[in-house]
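Structure assessment
Listed here are the chains, written in short residue letters.
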Amino acid sequence: MRIGELAAAVGVTPRAVRHYHHLGLLPEPDRRANGYRDYTLRHAVVLARIRRLTELGLGLAEVRDVLADDAGRELVEVLGELDEDLARQEDEIRARRGRLRVLMGEARAGRLPAEGPVSPELAALFGKFGHAPHSPMAAKDREVFALLETTATPEVRAEMLAGLESMMSVPGAVERAHEAYALLDALADAEPNDPRVAEAARVLAGLIPPEMVPQGAGIDLDNSGGDGGTGSFLRAFYADFAPAQAEAIRRTLRILREDRP
């Protein structure tokens, strides 16, 4: 058989056959006098087995292990692992579909956060914050929390959510949050030495528990000059604000670090 005939007989493409040759899954056949490969029934049997195994979900490295074990013991082991992987995927898909059902319900009711899908815990906290109408700073704050939830480790994420929950449980926290947003919004076109910067920092520091601010571990939170990825993140963080707003946040962090027990 020629390569096209073999591929058609087994239901794969000639390109796939060549790829299997390249990976060593399918032995190279003898060649005719004219240089064309001459495939036999044995090649078709092996190729069909490769197709069946890949359709089960095995990777090509796993297929190689199966084909290398004539006794079939490797096949039983690999299929068992594949079954476990599929079971985990089923559980994950079931959980994701459940979350999607909740999100679709929230979207239909007009309660889906503008920042996109976030965890139910963070969505509930956003609800407690309430909406500060027409506040660019409030919208940016929610975006940052959504970003941190996505990128943080499970431990840091849990600490962040617990800190926000603690912050919002204090009487009057919502009103103070809206006051802080308004003060920061008013600094959008101000200079860093504007006297309102100190007031915004004072109100914001009074809202945030000191334990929510990282220890720093050598990172200069005031000028975002840290090394590596953390320093780059802080520089990008401050750059996203107007100069006076960034100065207010720096002063807030300074106050909180000084108040840390």
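First things first, this report covers the structure right here in the doc.

Conventions and cut-offs
- Residues numbered from 1 in each chain as written.
- Predicted model: local features only at pLDDT ≥ 70, side-chain atom pairs only at ≥ 80, totals over all residues.
- Heavy atoms only, no water.
- Phe/Tyr/Trp six-rings, centres within 6.5 Å; stacked < 30°, edge-to-face > 60°.
- Lys NZ or Arg CZ within 6 Å of the ring centre and 35° of its normal.
- Helix = DSSP H or I, 4+ residues; strand = E, 2+ residues; numbered from the N terminus.
- Buried < 20%, exposed > 50% of the residue type's maximum accessible area, 1.4 Å probe, protein only.
- Polar contact = N/O pair within 3.5 Å; in protein donor to acceptor, adjacent residues only side chain to side chain.
- Core = buried A, V, L, I, M, F, W, Y, C linked by side-chain atoms within 4.5 Å.
- Contact = heavy atoms within 4.5 Å.
- Arc of directions from axis to C-beta.

Counting across every chain of the model gives zero aromatic pairs. For R2, the ring lying beneath its charged end belongs to Y36, and the centroid distance is 3.9 Å. One residue, R250, lies across the ring of Y238, its end atom 4.3 Å from the ring centre.

With that settled, consider the side chain of S135. Relative to the helices and strands, S135 resides in the loop between α6 (120-129) and α7 (136-151). A relative accessible area of 11% places S135 in the buried class. Of the polar contacts made by the side chain of S135, one reaches the side chain of D185; its length is 2.7 Å.

Turning our eyes to something else, we now look at the nonpolar core. Among the nonpolar cores identified, the biggest contains 34 residues, and L122, F129, L164, L184 and L187 are the most heavily contacted of them. Going through the elements one at a time, α6, α7, α8 (154-168), α9 (173-185), α10 (196-207) and α12 (243-259) are the ones with two or more residues in this core. Discounting residues that sit within four places of it in the chain, L184 has contacts with M137, A200, L204, Q245 and A248. Membership of the second largest hydrophobic core comes to 21 residues, among which are A7, V17, L25 and L58.

The next subject is helix α2 (residues 14-23). Among all positions in α2, only A16, V17, Y20 and H21 are buried. Considered in projection along α2, the buried side chains sweep an arc of 145 degrees and stay on one side of the axis. Those residues of α2 that are exposed and aimed more than 90 degrees away from the buried face are R15 and H22. Summarising the contacts, the buried residues of α2 are in contact with α1 (3-10), α3 (41-55) and α4 (60-68). Looking one or two residues past α2, G24 carries a phi angle of roughly 80 degrees, positive in sign.

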